[in-house]
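Residue-level listing of the chains:
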Amino acid sequence: MLFSVVSDNVTGILNELGSSPDIIVRNFIYACPNPVNASLIFLEGISDIQSVSENVLWTLLGETRNNGQKAASQSENGQAPHQSEPQPGDSPSNGTIPVSSQMLQAWSEMKNKLTLGSIFELKQFDEVIASLLAGNSILLLDGVPLALSCCTKGGQMRDIQEASTQVVIRGPKDSFTESLCTNIALVRRRIRNKQLWLEEISMGSVTNTSVILMYMKDVAKEEVVAEVKRRLAENTLESVLESGYIEEVLEDPSYSPFPTVYNTERPDVVAGNLLEGRIALLIDGTPFALIVPTVLAQFFTSAEDYYQRYDIGIFLRLLRYTSFVIALLGPSFYVGLITFHQEMIPTSLLISLAGSRESVPFPALVEALVMEICFEILREAGIRLPRTVGQAVSIVGALVLGEAAVQAGIVSHFMVIVVAVTGIASFSTPSYSLAISARLLRFSFVLLAGFLGFYGISLGIIVLVIHLNSLRSIGEHFLAPFTPFKLKQHKDILVRLPFNKRKHLKGESSFAGFNQPKQRGKLS
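Source: prediction; values computed, not measured. (Residues numbered from 1 in each chain as written. Predicted model: local features only at pLDDT ≥ 70, side-chain atom pairs only at ≥ 80, totals over all residues. Heavy atoms only, no water.)

(A) Structural view of the pairing of strand β7 (residues 209–216). A large share of β7 lies buried, amounting to eight of its eight residues. Here β7 shows no split at all, with Thr 209, Val 211, Leu 213 and Tyr 215 on one side and Ser 210, Ile 212, Met 214 and Met 216 on the other all buried. Relative to β7, strand β6 (residues 196–203) runs antiparallel, the two being bridged by eight bridges. Within β7, the position partnered with Trp 197 by the bridge is Tyr 215. What sits between β6 and β7 in their antiparallel hairpin is a turn of five residues, with Gly 204 showing a positive phi close to 90°. Bridging between β7 and strand β9 (residues 279–283) involves four bridges; their strand directions are antiparallel. In the strand pairing of β9, Ile 212 is matched with Leu 282. (Buried < 20%, exposed > 50% of the residue type's maximum accessible area, 1.4 Å probe, protein only. Helix = DSSP H or I, 4+ residues; strand = E, 2+ residues; numbered from the N terminus. Pairing = 2+ DSSP bridges.)

Right, dumping it as structure tokens:
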């Protein structure tokens, strides 16, 4: 419980937070008919200093100054002041101040004078500490065992910039930032509908990170919303520093390289998924939003598919599917051909391949693994290095190492071509999470092809399809609408039909075939 003496409350807060240097305590006298001591506490850096100054201090101190001028005028006219003003930090000898109706009236007046959009009263110390750490300002008044939490969240934040992981030629250029309020506004600006509901959840027993659960009421499945809430409530995380922490909480327990939670930094993608009945989670401090449930086809879809003409969208989407197959099976197909199935290669090409591999001492399997590992190291180094140096190192490393490896007879020209085409194909996948999965599985298929040839590749594909069919995302089939097969929802999976050929928004799915027929016409 809070004390009725301001100085005791301030001391208690400072002791709880270790008297940190970023805690700003502003003592002043609130001028009401009976002037009393007051204190304003906020944290520098996570509170908006301009809002604190203009909406809290300027409002209250301006009132004090006006009342002081009135008192001075009354004194000059021979009228005695109403009551002597106390000094900041003064407190009665017994450490308590009895609550009087005048102090409660002053407290009520002070609340009414504040020009902030959101203020609320707190009674407990823990609530005050939590509100202060969230960026709010705490206002205390002598004689009132309450604290007023003023919404002054802010501080320095990164400006809205273009998305770096999901770039489009045509379409909105804005992306999420680390500010939760900014991210909510970016989605609200696109869906101005009363059915867009938001719920705030605190996650991480130590970090107390704010997470916003966002969904369209009466469009999203109630059981899915309840399941997401249950998984979030049952988490035992101590810290949440990025959306990846929560992604693991939402995923079904399975040993799979495939992501079953979609992440994006584009507000328009979040808005499109919300309209289809999915649930979005915005996490404070990260520009990546999570979307559940998701299906495999969603990872091949780009927001630009709906901003271009439908025929271009169909071509680009089919190109991505083809690129994913190349990225997954390209090296393994080459290894299988060279090692076990030379009869499938045209004679002229086979002679050229044999000549190219004449000086290579390793089998195709080792050759492929060496090149793949070198390529992954180059790519990882290019990402970790500073942007101005990383690209140069990647290009020079690939050209110099590739040419040097061929000249030294370690790898053949054809293997360099296969690995280069595979690497380029992997970049065409819109989702970085799925591209990483393909990179990981590629090594498994190369090993299968090196030991069993095309039989090994076929066996690997069968196991992969069975595994994908077993995956669930918040209880929904990951391979939907292929399994279970729903023909009507294929209008936006492999191809994107024109908008007038499919019911958009109020009808079936416009993105990946998740919406159920029962959701039709729910939006108003």
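The rest of the description comes next.
(B) Layout of the packing of helix α9 (residues 310–339) against helix α11 (residues 364–384). Close contact between α9 and α11 brings their axes to 9 Å; oriented N to C, the two are set at 160°. With respect to α11, the axis of α9 lies roughly antiparallel. α11 is crossed by α9, and the crossing has right-handed handedness. Residue-level contacts link Pro 331, Val 335, Ile 338 and Thr 339 of α9 to Ala 364, Leu 365, Ala 368 and Glu 372 of α11. In terms of residue class, the contact of α9 with α11 is made up of six nonpolar, one polar and one charged. (Axes fitted to C-alpha atoms, helices over the stretch in contact; angles between N-to-C directions. Parallel < 35°, antiparallel > 145°, perpendicular 65-115°, else oblique. Left-handed = near helix turned anticlockwise from the far one by under 90°. Contact = heavy atoms within 4.5 Å. Nonpolar A, V, L, I, M, F, W, Y, C, P; charged D, E, K, R; others polar.)

(C) Main features of the sheet that holds strand β1 (residues 23–30). Ordered by their spatial adjacency, five strands build an open sheet running β1-β2-β4-β5-β3, and the pairing between neighbours is antiparallel. Two strands in the sheet have a free side with no partner beyond their single neighbour: β1 and β3 (119–122). When strand polarity is set aside, the average angle formed by the axes of neighbouring strands in this sheet is 25°. As paired strands, β1 and strand β2 (residues 36–43) are joined by eight bridges and run antiparallel to one another. The residue of β2 that forms the bridge with Asn 27 is Ser 39.

(D) Representation of the nonpolar core in the model. Core analysis: the largest hydrophobic core is formed by 61 residues, its most contacted members being Phe 258 and Leu 274. Ignoring any residue separated from it by four or fewer positions in sequence, one finds Leu 274 in contact with Val 187, Ile 191, Leu 196, Met 214, Tyr 215, Met 216, Val 219 and Ala 280. (Core = buried A, V, L, I, M, F, W, Y, C linked by side-chain atoms within 4.5 Å.)

(E) Highlighting the environment of Ala 420. Residue position: Ala 420 is located in helix α13 (residues 413–426). Each C-alpha atom of the pair Ala 420 and Glu 372 lies 9.4 Å from the other, and the pair is 48 residues apart in sequence.

(F) The arrangement of a nonpolar patch on the surface in detail. A contiguous nonpolar surface patch, about 660 Å² in accessible area, is contributed by Leu 447, Phe 451, Leu 452, Tyr 455, Leu 459 and Val 463. Sorting the residues of the nonpolar patch by element identifies α14 (432–452) and α15 (454–470) as the ones contributing at least two each. Summarising the element assignment, Leu 447 is placed in helix α14. (Patch = residues over 30% accessible without salt bridge, like charges linked within 9 Å, V, L, I, M, F, W, Y side chains within 5 Å. Areas by Shrake-Rupley, 256 points an atom, 1.4 Å probe, with all protein chains shown as cover. Salt bridge = Lys/Arg side-chain N within 4 Å of Asp/Glu carboxyl O.)

(G) Inspection of the packing of aromatic side chains at higher detail. Counted under the stated rule, the structure contains six aromatic pairs. Joined through ring pairs, the aromatic side chains of Tyr 262, Phe 299 and Phe 478 make up one cluster. (Phe/Tyr/Trp six-rings, centres within 6.5 Å; stacked < 30°, edge-to-face > 60°.)

(H) Main features of the pattern of salt bridges. As enumerated under the stated definition, the model contains 20 salt bridges in all. Residue Glu 227 is joined to Arg 230 by a salt bridge in which the shortest nitrogen-to-oxygen separation is 2.6 Å. One end of the pair is Glu 227 and the other is Arg 230, both in helix α6 (residues 222–233) and three residues apart, which spans about a single turn. The exposure class of Arg 230 is partly exposed, given its relative accessible area of 38%.

(I) Just the packing of α9 against α13, in detail. At their nearest, the axes of α9 and α13 sit 7 Å apart, and the two run at 160° to each other. Compared by their axis directions, α9 and α13 come out roughly antiparallel. Along this stretch, α9 crosses α13, giving a crossing that reads as left-handed. Contacts from Ser 323, Ile 326, Ala 327, Gly 330, Pro 331 and Tyr 334 of α9 reach α13 at Phe 414, Met 415, Val 418, Val 421, Thr 422, Ala 425 and Ser 426. Each residue belonging to the contact of α9 with α13 can be placed in one class, and the counts come to nine nonpolar, four polar and no charged.

(J) Broad picture of the pairing of strand β10 (residues 289–292). Burial of β10 is two-sided: the residues Ala 289 and Ile 291 facing one way and the residues Leu 290 and Val 292 facing the other way are all buried. Pairing of strand β8 (residues 262–264) with β10 involves three bridges; the strand directions are antiparallel. Bridging across to β10, Thr 264 finds its partner in Ala 289. In sequence, β9 turns back onto β10 through a hairpin of five residues, with Gly 285 there showing a positive phi of about 95°.

(K) Local environment of the side chain of Thr 294. Checked against the element boundaries, Thr 294 lands in the loop between β10 and α9. Owing to a relative accessible area of 1%, Thr 294 belongs among the buried residues under this scheme. A polar side-chain atom of Thr 294 sits 2.6 Å from a polar atom in the side chain of Gln 298. (Polar contact = N/O pair within 3.5 Å; in protein donor to acceptor, adjacent residues only side chain to side chain.)

(L) Spatial organisation of the state of the cysteines. What the rule picks out here adds up to zero disulfides. Of all cysteine sulfurs in the structure, the one in Cys 151 sits closest to Cys 150, which takes part in no disulfide; the separation is 9.1 Å. The thiol of Cys 151 is not disulfide-bonded; the next cysteine sulfur, from Cys 181, is found 6.8 Å away. (Disulfide = S-S within 2.5 Å.)

(M) A look at the confidence of the model for the protein chain. In the predicted model, the protein chain carries a mean pLDDT of 83, and the fraction of residues at 70 or more is 88%. At the low end of the mean pLDDT range in the protein chain sits helix α2 (residues 49–76), at 70; at the high end sits β9, at 95. Note on residues 80–94: pLDDT under 50 across the span, and 19 contacts to partners over four residues away in sequence or across chains. The low-confidence segment residues 504–520, where pLDDT is below 50, has 61 contacts with residues more than four positions distant or belonging to other chains. (pLDDT = per-residue confidence, 0-100.)

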